[in-house]
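# Breakdown of the fold
Chain residues, written in single-letter form:
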Amino acid sequence: MSSYSGRHRTPTRAERRAATGRRRLPKAFGAGYALPTAAAATLVVTAGGATAAQSTALASGTAVSAFTAPAAPHSEALADPALAERSKGEVAQTVAGYTDLAQRRQESSQSVAEGQGRAQERQRVARDKKRKELAAQKREAAKQRAAEKKAAAKELGVSTEEVTVDAEGTPAVADGAWVLPLTNPVFTSGFGPRWGRMHAGDDFGVPIGTPLRAMSNGEVVFAGQQSGYGTMIDIRYTDGTISRYGHMSSLQVTVGQKVSAGEQVGLSGNSGRSTGPHLHLEIHPGGGEPVAPRPWLAAKGLTY
């Protein structure tokens, strides 16, 4: 019998406890574990400081109040007034830091905005100044053109409405307009009988080399020498009228050349049968017989 039982192993402690009906509390309920577990479960940190709340008693069908550590000592330590005050100071310092940072950012943004505003204002002022300068230049240019137009009209003996001035200041007469052959003509002798013969035009006393111009748009039909007239030029205008300039010193156009009103065609002189430097002007309406230039030109709005 004994040899048979020796072949069996010795029961373990747990098996022995089970056989006797004894129960053992878990290690977590022991004196060495109750306090840390309760403290770890009850620690709470707030903005005003740290405090500990006592955990409720553990219960598992058996009273375990003997294993629950008192929380009073921990609550007193965490509610230290100096620690709470220091925590409040740190919180206040952090809030002040964020507030200062936000204020600096706001001031920086405001400074950038003000800088941009000043730059835009300078640009606006510069644009306004440029526009005013351009406007002043345009007014001055218009004033100058008006003065040039008035001077040209006076020189050509026409109204300002019949004169245009290009960008380079060169005056021109409108199509179909008529102008006098020279500036500020000095009338010296008229159309009619003189010294036993017919004087077929009007004479104007001018120095040799005075510029002579076409009276309207037309074409040169004669340019050369003619007995009694000396150096002479005939121009046929668009209405068929022919003007003749006699006693010239030089010609600046040739036969067949197109000319415009006011265009220079030659210089006055003292050539041919002449008693002194002057321009002899004849008007032949339709290319026919000459007529008195003065009333004919007056009908065109030209007087002298």
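Residues numbered from 1 in each chain as written. Predicted model: local features only at pLDDT ≥ 70, side-chain atom pairs only at ≥ 80, totals over all residues. Heavy atoms only, no water.

### Overview of the overall build of the protein chain
On a plain count of helices and strands, the protein chain comes out with six helices and 15 strands. Every one of the 304 residues in the protein chain was classed for burial, and the buried ones make up 27%. Considering only residue pairs separated by 6 or more positions, the protein chain has 55% of its internal contacts joining residues 24 or more positions apart. Element-wise, carbon and sulfur atoms account for 55% of the exposed surface of the protein chain, whose accessible area totals about 19700 Å². (Helix = DSSP H or I, 4+ residues; strand = E, 2+ residues; numbered from the N terminus. Buried < 20%, exposed > 50% of the residue type's maximum accessible area, 1.4 Å probe, protein only. Contact = heavy atoms within 4.5 Å. Areas by Shrake-Rupley, 256 points an atom, 1.4 Å probe, with all protein chains shown as cover.)

### A few points about the packing of aromatic side chains
The full count for this structure, using the stated rule, is five aromatic pairs. For the ring pair Trp178 and Trp296, a centre distance of 5.2 Å and an interplane angle of 80° mean the geometry is edge-to-face. Within this pair, whereas Trp178 is found in the loop between strand S4 (171-173) and strand S5 (187-189), its partner Trp296 is found in helix H6 (residues 293-298), the two being separated by 118 residues in sequence. Under the relative-accessibility criterion, Trp296 is labelled buried at 17%. Centre to centre, the rings of Phe187 and Phe204 are 6.2 Å apart; their planes meet at 70°, and the pair counts as edge-to-face. Taken together, the residues span a long stretch of sequence, with Phe187 in strand S5 and Phe204 in strand S8 (residues 202-205) at a distance of 17 residues. Here Phe187 falls in the partly exposed class, since its relative accessible area comes to 33%. The positively charged end of Arg194 is found above the aromatic ring belonging to Trp195, 4.8 Å away from the centroid. Over the ring of Phe187 we find Arg294; its NZ or CZ atom is 4.7 Å from the centre of that ring. (Phe/Tyr/Trp six-rings, centres within 6.5 Å; stacked < 30°, edge-to-face > 60°. Lys NZ or Arg CZ within 6 Å of the ring centre and 35° of its normal.)

### Details of the pattern of salt bridges
In total, this model carries nine salt bridges according to the counting rule given. Arg131 is the salt-bridge partner of Asp128, the closest N and O atoms lying 2.1 Å from each other. Pair noted here: Asp128 and Arg131 are both in helix H5 (residues 81-156), with a separation of three residues, about one helical turn. Overall, Arg131 belongs to the partly exposed group, its relative accessible area being 48%. (Salt bridge = Lys/Arg side-chain N within 4 Å of Asp/Glu carboxyl O.)

### Things to note about H5
The terminal C-alpha atoms of H5 lie 110 Å apart, and with 76 residues this matches the ideal 112 Å at 1.5 Å per residue to within 8%. Taken together, the buried positions of H5 are Ala84, Ser87, Ala152, Ala153 and Leu156. (Expected span 1.5 Å × (residues − 1).)

### Remarks on the nonpolar core
If you look at soluble globular proteins, the nonpolar side chains tend to sit buried side by side. Counting residues in each nonpolar core, the largest one holds 33 residues, and the members touching the most others are Met215, Ile233, Ile235, Tyr245, Val265 and Leu297. Among the elements of the structure, H5, strand S11 (230-237), strand S12 (242-251), strand S15 (278-284) and H6 are those that each provide at least two residues to this core. Those residues within four positions of Leu297 in sequence are excluded, and the remaining contacts are Leu180, Met215, Leu281, Leu302 and Tyr304. (Core = buried A, V, L, I, M, F, W, Y, C linked by side-chain atoms within 4.5 Å.)

### Remarks on the pairing of S15
Among the seven residues that make up S15, seven are buried, leaving the element largely enclosed by the rest of the structure. Every second residue of S15 is oriented toward a common face, with His278, His280, Glu282 and His284 on one face and Leu279, Leu281 and Ile283 on the other, all of them buried. Examined bridge by bridge, S8 and S15 share four bridges and lie antiparallel to one another. Bridge pairing in S15 links Phe204 to Leu279. By the bridge criterion, five bridges tie S12 to S15 in an arrangement that is antiparallel. When the bridges of S15 are listed, Arg244 appears paired with Glu282. (Pairing = 2+ DSSP bridges.)

### Notes on the pairing of S12
Burial runs high along S12: seven of the ten residues are buried. Here five bridges tie S11 to S12, and the two strands are oriented antiparallel to one another. Bridge pairing links Thr231 to Met248 in S12. Between the end of S11 and the start of S12, which pair antiparallel, lie four residues, with Gly240 showing a positive phi angle near 95°.

### Observations regarding the environment of Gly205
With respect to the helices, strands and loops of the structure, Gly205 is situated in strand S8. The partly exposed category is assigned to Gly205, whose relative accessible area is 28%. In the structure, Gly205 is positioned 75 residues away from His280 in sequence and 9.1 Å away in space, judged by C-alpha atoms. Gly205 has contacts with Val186, Thr188, Pro277 and His278, leaving out every residue within four places of it along the chain.

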